Amino acid sequence: MAPITLFFIPYAGGSASVSFKWKKLLLPQIKLVPLELAGRGIRSGEPLKESIEEMSEDLLHKISEEIAPGDPYAIYGHSMGTMISFELYYKLVAAGYGKPAHLFVSGGRAPHVPRNSPWLHDLPADQFRTHLQRYGQLSEAIFDNRDYTTILCQC
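Residues numbered from 1 in each chain as written. Predicted model: local features only at pLDDT ≥ 70, side-chain atom pairs only at ≥ 80, totals over all residues. Heavy atoms only, no water.

1. Comments concerning the pairing of strand β1 (residues 4–9)
Step number 1: Of all 6 residues in β1, 6 are buried; the element is thus mostly enclosed.
Step number 2: As paired elements, β1 and strand β2 (residues 30–34) share 5 bridges and run parallel to each other. Across the sheet, F8 pairs through a bridge with P34, a residue of β2.
Step number 3: Pairing analysis gives 5 bridges linking β1 to strand β3 (residues 73–78), with the strands arranged parallel. In the sheet register, L6 faces β3, and the bridge partner there is A74. (Buried < 20%, exposed > 50% of the residue type's maximum accessible area, 1.4 Å probe, protein only. Helix = DSSP H or I, 4+ residues; strand = E, 2+ residues; numbered from the N terminus. Pairing = 2+ DSSP bridges.)

Shown next, in the form of structure tokens:
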């Protein structure tokens, strides 16, 4: 097997560090390159990008520091990382890098498949609160505090 670079794109709010456990599971010919999104993890001091377009453009620059056009590579994106991966795919091809050997996506849908449910942040405040409470990780005190509730529910 020829060496290949695997770029990892995390989920929204996630850090590239979640991929570190993969290193010991991959073949030695696979070079794992976790891509940290601006505003997260080791890039937390940088301003967040506001769109998938901006995020993919930023990651294109990071990838250009790792491989040259024509080098074999693959992309893995999870959840929001799937949307970034699809956009990044087209940017890499347009920039002359060629198509990836593989594009792995999980926890997201293909861009051409319509969304069949509302975005969570667009739910009415009471439904949004109910959804958050299902996770069981937030203290009820947060929901009783009007300042936090305003931030969480934008009510």
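2. Remarks on helix α2 (residues 80–94)
Since the α-helix turns once every 3.6 residues, residues separated by three or four places project in the same direction.
Step number 1: Compared with the 21 Å implied by 1.5 Å per residue over 15 residues, the 22 Å span of α2 between its first and last C-alpha is a close match.
Step number 2: Of all the positions in α2, only M80, G81, T82, I84, S85, F86, L88, Y89, K91 and L92 are classed as buried.
Step number 3: Tucked into the core, α2 has its buried residues touching β1, α1 (52–64), β3 and β4 (102–106).
Step number 4: Positioned one or two residues after α2, G96 has a phi angle of 95 degrees, which is positive. (Expected span 1.5 Å × (residues − 1). Contact = heavy atoms within 4.5 Å.)

3. Some thoughts on α1
Step number 1: Taking 1.5 Å per residue, 13 residues should reach 18 Å; α1 reaches 18 Å between its end C-alpha atoms and fits that length.
Step number 2: Those residues of α1 lying buried are M55, S56, D58, L59, L60 and I63.
Step number 3: Close packing links the buried residues of α1 with β1 and α2.

4. Considering the pattern of salt bridges
Pairing is possible between side chains of opposite charge, provided their charged atoms come close.
Step number 1: Inspection of every chain in the model, using the stated rule, returns 6 salt bridges.
Step number 2: Across the pair K31 and E66 runs a salt bridge, and its minimum N-O distance is 3.1 Å. On the criterion of sequence distance, the pair formed by K31 in strand β2 and E66 in the loop between α1 and β3 is long-range, its members being 35 residues apart.
Step number 3: Each of E53, E57, E87 and K91 takes part in a single network of salt bridges with overlapping partners. (Salt bridge = Lys/Arg side-chain N within 4 Å of Asp/Glu carboxyl O.)

5. Remarks on the sheet that holds β3
Step number 1: One open sheet accounts for 4 strands, arranged β2-β1-β3-β4; its pairing is parallel. Every other strand in the sheet has two partners, leaving β2 and β4 as the edge strands with one partner each. Across the sheet, the mean angle separating the axes of adjacent strands is 20 degrees when strand polarity is ignored.
Step number 2: Along the sheet, α2 contacts β1, β3 and β4; its crossing angle with β3, the most-contacted strand, is approximately 150 degrees. (Axes fitted to C-alpha atoms, helices over the stretch in contact; angles between N-to-C directions.)

6. Observations concerning the pairing of β4
Step number 1: Judged from the 5 bridges that link them, β3 and β4 form a sheet pairing that is parallel. Following the sheet pairing, A74 is matched in β4 by H102.
Step number 2: For the crossover that starts at β3, traverses α2 and ends in the parallel β4, the hand is right-handed. (Right-handed = clockwise from strand over helix to strand, strands pointing away.)

None of the figures reported here should be taken as evidence of function without further support.
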